[in-house]
Amino acid sequence: MNAHEVIDRAGVQGRVGRREGTRGRSRRRGGFTLLEAALALVILGVGVLALIESQAMFFAHNRYSTSAATGMYLCTELRERMRRLPRHDPVTGLYFEGTGQSATLQGWGPETSETSFLYYNDLDDYDGATFGAGATFAGPIDSAGLAISEVMPDGTIMENAEGEPVSMQGWSQRVRVEKVLPFDTSTAVASNATQSSPPVAVDQFPLRVTITAFYQGPLDAAPREMARLVFIQP
Ligand SMILES: [Ca+2]
């Protein structure tokens, strides 16, 4: 080994030593500190939270639009049933019995023989009627007067223990019928109202029919209005 070789070898050893030294230091530096890991967790957590929140919002919006569409469907079914009916009973009509102060209004609401909504033959019969669980009549009903069945998420109709279809759960339809002024259908008047100038008889007022669909979920304290439909029968 000559002097050059000794120097070269020392140089190589020095470089190797330096390199190893560097590698050793970088190994000590490698990985994440606790602070870095905590920061990464916070950033990740904020992102995941935002994602969960937007998902929850999406579900809430989806549920609302489904409910609104179902409510409007129930309103239109009942309107289809009612829209071709006369305002007052075709046989007895709407009239006053007696004269002067003792005159009483007759004919508003179902006639005595009309014990079920299936016999309702004019609009004022429906005033105050509700269709749903625990309501005046079972329901909700469709335009043919049949109870609308509850449909399961997979598209099949829900049945009870006897194999009979179950009515839509939690939904109800309510009807309100009001007399309105002939030239201002936004102003309701009493069912016994008359007008002297210009003369309008007690049975000649247009009717305003308001159909409201309510939904009460298993966790709701009270029914909530989901849709409302109004039509005027001139
Ligand atoms: Ca009637």
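Residues numbered from 1 in each chain as written. Predicted model: local features only at pLDDT ≥ 70, side-chain atom pairs only at ≥ 80, totals over all residues.

Here the focus is the nonpolar core. Ranked by internal contacts, the top residues of the largest apolar core, which has 22 residues, are Tyr126, Val175, Val209 and Ala213. In terms of residues, this core owes the most to one element, strand β6 (residues 207-215), which gives six residues. Beyond its immediate sequence surroundings of up to four residues, Ala213 is in contact with Gly71, Leu74, Cys75, Trp171, Gln173, Met226 and Ala227. (Core = buried A, V, L, I, M, F, W, Y, C linked by C-beta atoms within 7 Å. Buried ≥ 20, exposed ≤ 12 C-beta atoms within 10 Å, placed from the backbone. Helix = DSSP H or I, 4+ residues; strand = E, 2+ residues; numbered from the N terminus. Contact = placed C-beta atoms within 7 Å.)

Burial within β6 is extensive, with seven of its nine residues counted as buried. Pairing of strand β4 (residues 171-181) with β6, which is carried by nine bridges, proceeds in the antiparallel orientation. Looking across to β6, one finds that Trp171 is bridged to Tyr215. Alignment of β6 against strand β7 (residues 224-233), held across nine bridges, turns out to be antiparallel. Residue pairing in the sheet places Phe214 in a bridge with Glu225 of β7. (Pairing = 2+ DSSP bridges.)

In this section: unusual backbone geometry. Following Gly139, the chain continues into Pro140 via a peptide bond in cis, with omega recorded as 0°. Along the polypeptide, Pro140 turns up in the loop between β3 (130-132) and β4.

A few words on helix α2 (residues 34-82). With 49 residues, α2 extends 72 Å between its outermost C-alpha atoms, agreeing within 8% with the 72 Å of an ideal straight helix rising 1.5 Å per residue. Buried residues of α2: Gly71, Leu74, Cys75, Glu77, Leu78 and Met82, and no others. Buried residues in α2 make contact with β4, β6 and β7. (Expected span 1.5 Å × (residues − 1).)

Following the sequence through the fold, Met226 ends up in strand β7. When the 20 C-beta atoms within 10 Å are taken as the criterion, Met226 is described as buried. Between the C-alpha atoms of Met226 and Ser65, which are 161 residues apart in sequence, the distance is 9.7 Å. Contact partners of Met226, with chain neighbours within four places excluded, come to Ser67, Ala68, Gly71, Ala213, Phe214 and Tyr215.

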